[in-house]
Amino acid sequence: MKCLILFLFLCFMQNLSAQAKDLKVTDATKADRLTVKKNWNVRYKYVEGFIFNKDYVIFQTRDSLFVQCPDMLTFRVKDYDYGMAIDKNGIYYQNNFFPIDTNGFKIIGSDLIIDKKEIVPIWCTLQKAYIGNKEIAISSPATFENIYYDYLKDEHHLYYINNGKVTIVPDADLPSIRKDLATENYISDKNGTFYQSQPLMYKGERVQQLTKKILKTSQYVLYYDEELVELPNYFHIPTLKALNESYLIDQNYVYYIDYYSYKTEGKDFRLPIATKNLSKVRVFNNFVTDGTMVYRDNTPKPQYDAATFAEIQDAYYYQYHKNGVYNWDKKLPFFYTEAPIYGKNLFKDKGGGILYKNQIYNSSTEEVFMNLTSKEVQLLKEGKVTAYDFVYLKGKRILKQIYFDSELYKANNLIYVDKTPQKGVDAATFQKIWYNIYKDKNKAYYYDESNEYEPKLIPIEGYDITTLSLLTADLLADKNYIYYTKYRLIKNDKVEILAIYPGYRMGCSQDTHPSSDFYLLKNVDGYWLTELGGGAKIRFLGTELEDFEL
């Protein structure tokens, strides 16, 4: 539901971008005949997700609405998609309440229930385990964990869980389970590979998994592509082992096999690495070297110095050697004074920027910020700032204090859009309310990004600024009213959101009609139906709902 609400908001804000510089709060349009109308491509009754009211919570599935009355002070949503939450009294799952000890609660996987066409959570506490609302027999819920997709384990057993059925995988050696090789269908231990819950066999032999795609027996090397396919017979199977998901090695050769396709149109898997150099082989994610030549996949890359070649940890698309740092074949434009060595004078910041000595490379803008101070370098290493926090203003490098969105940030105790300071905005109190709505102590603002080359911060007049805040979903509130963006809906007095129904949905990418949702609201005056999206319409339904029909 959160993604849909964000989409509705975007559609609405596109309409605002063409309006005058300053916006004003206006009343929603009264529509005495407004009813919930579904678009032709909408086949569900409710918008999925949680609705929060003062004293209770509503959870909506596509077809059902459930009212929950938790302890509101301790109620916490754990998963919006599954509808799972906890409070001090127990665990909530859609319309189910489990009055159990919540210690150790965690969602560890999911299962497809085929007949219901429904994906349900696999979850547990320290004492119990469940698939959806069904308790399952697990020997040690406290140690229950997910390995990969349908494979889970505790301290005693390996389990294969599919379509609500729990099967213990027989004779699995738990200490040697290879998590790194697990797939939807395969899982391996030191003794061999299992297909679902049974030992995997090929032509009468137990199969051993080398990578997620490559397997072998004593006689065959196999590639899994919906079924097992035999590869050429030039491998030395007894010594064949994996270097990573794409590179293998035996006593004679290094091999490159594309992870996504074993079909090579007659090309040989073997790399031209001499047998005498096999002991010198070093492998990276997409590269391998024998100390003489570097290969990317199976292509020689003579521009790299093989002896000093390496990849930047956790950023395999960046490589380096004694002569520089590269993004694949592109050399980063640092001023090089010494050989890059990761962990010594070369680092990656937490935002994906590359730090070399006192220079930081912004991978998004491809800018290099030179001559950083020792303090700035330390902040980058500690993860307190990233390359995205630096910007040039009038030829001078500055460090952003707070990053809000895209080109919106605080620096030099001013609010900037791109490189333009925003006059009249109080930077000390500037804060985000929801998505593109902001406020300071004096005004509310809409941050318009519709023109990526000229974003704008546009004042919105008409709210009580002191009390303006996010109510829930995409509704704002101040002490006086409830709002949808700049549209005033109803008095903020004993407000409840009773349901959210889907309205218009895009029929295709060329459809310019704004999407919408219908909200059923209640306040001190009675009941209201409002359509929100591309504007706001509202209808008073009276003090009772007897005549209201969906």
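Each value, and the rule that gives it
Residues numbered from 1 in each chain as written. Predicted model: local features only at pLDDT ≥ 70, side-chain atom pairs only at ≥ 80, totals over all residues. Heavy atoms only, no water. Helix = DSSP H or I, 4+ residues; strand = E, 2+ residues; numbered from the N terminus. Buried < 20%, exposed > 50% of the residue type's maximum accessible area, 1.4 Å probe, protein only. Contact = heavy atoms within 4.5 Å. Areas by Shrake-Rupley, 256 points an atom, 1.4 Å probe, with all protein chains shown as cover. Core = buried A, V, L, I, M, F, W, Y, C linked by side-chain atoms within 4.5 Å. Polar contact = N/O pair within 3.5 Å; in protein donor to acceptor, adjacent residues only side chain to side chain. Pairing = 2+ DSSP bridges. Arc of directions from axis to C-beta. Axes fitted to C-alpha atoms, helices over the stretch in contact; angles between N-to-C directions. Patch = residues over 30% accessible without salt bridge, like charges linked within 9 Å, V, L, I, M, F, W, Y side chains within 5 Å. Salt bridge = Lys/Arg side-chain N within 4 Å of Asp/Glu carboxyl O.

Undergrad: Is there a simple way to explain the overall build of the protein in this structure?
TA: On a plain count of helices and strands, the protein comes out with two helices and 60 strands. Dimensions of the protein along its principal axes, counting C-alpha atoms only, are 85 × 65 × 45 Å. Taking all 550 residues of the protein together, 49% fall into the buried category. Considering only contacts in the protein between residues 6 or more positions apart, those separated by 24 or more positions represent 39%. When the accessible surface of the protein is summed, it comes to about 28400 Å², and 46% of that surface belongs to carbon and sulfur atoms.

Undergrad: Before we go on, may I ask you to explain the nonpolar core in this structure?
TA: Proteins that are soluble and globular tend to have nonpolar side chains buried together. Counting 33 residues, the largest nonpolar core has Leu475, Leu489 and Ile490 as its most contacted members. When contributions to this core are tallied by element, the ones reaching two or more residues are β54 (475-477), β55 (481-484), β56 (487-491), β57 (496-502), β58 (517-523), β59 (526-532) and β60 (536-542). The dominant element in this core, judged by the number of residues it contributes, is β57, at five residues. Sequence-distant contacts of Ile490, that is, excluding residues within four places in its chain, are made with Asn480, Tyr481, Ile482, Val495, Leu521, Asn523, Trp528 and Ile538. Grouped together as the second largest cluster of nonpolar side chains are 23 residues, Met84, Ile113, Cys124 and Ile138 included.

Undergrad: Sorry if this is basic, but what is going on with the side chain of Arg397 here?
TA: Mapped onto the fold, Arg397 is located in strand β44 (residues 396-399). Reaching out from Arg397, the side chain makes a polar contact with the side chain of Glu376 at a distance of 2.8 Å. Arg397 has contacts with Phe369, Met370, Asn371, Leu372, Thr373, Glu376, Phe390, Val391 and Tyr392, leaving out every residue within four places of it along the chain.

Undergrad: How should the sheet that holds strand β21 (residues 198-199) be read in this particular structure?
TA: Two orientations exist for strands paired in a sheet by backbone hydrogen bonds: parallel and antiparallel. Taken together, three strands build an open sheet; the order of strands is β19-β20-β21 and the sheet is antiparallel. In the strand order of this sheet, the two ends are held by β19 (186-189) and β21, each with one partner.

Undergrad: Would you mind going over helix α2 (residues 374-381) with me for this structure?
TA: Owing to its 3.6 residues per turn, the α-helix brings residues three or four apart onto one side. Glu376, Val377, Leu379 and Leu380 are the residues of α2 that are buried. End-on, the buried residues of α2 take up no more than an arc of 160 degrees, which puts them together on one face. Opposite the buried face of α2, by more than 90 degrees, sit the exposed residues Ser374 and Lys375. Buried residues along α2 sit against β40 (354-356), β41 (359-362), β43 (390-393) and β44. One or two residues past the end of α2 sits Gly383, with phi positive at roughly 80 degrees.

Undergrad: Would you take a moment to explain the sheet that holds strand β14 (residues 134-136) for this structure?
TA: Pairing in this open sheet of four strands is antiparallel, and the strands run β11-β12-β13-β14 from one edge to the other. The strands lining the two open edges of the sheet, one partner per strand, are β11 (106-113) and β14. Taken over all neighbouring pairs, the strand axes of this sheet differ in orientation by 30 degrees on average, direction set aside. Taken together, the three bridges between strand β12 (residues 118-124) and strand β13 (residues 129-131) define a ladder with antiparallel strand orientation. Considered in β13, the bridge of Cys124 is made with Ala129.

Undergrad: Mind showing me how you'd approach a nonpolar patch on the surface here?
TA: On the surface, Leu112, Ile114 and Ile119 cluster together into a nonpolar patch covering about 300 Å² of accessible area. For Ile114, a relative accessible area of 53% translates into the label exposed.

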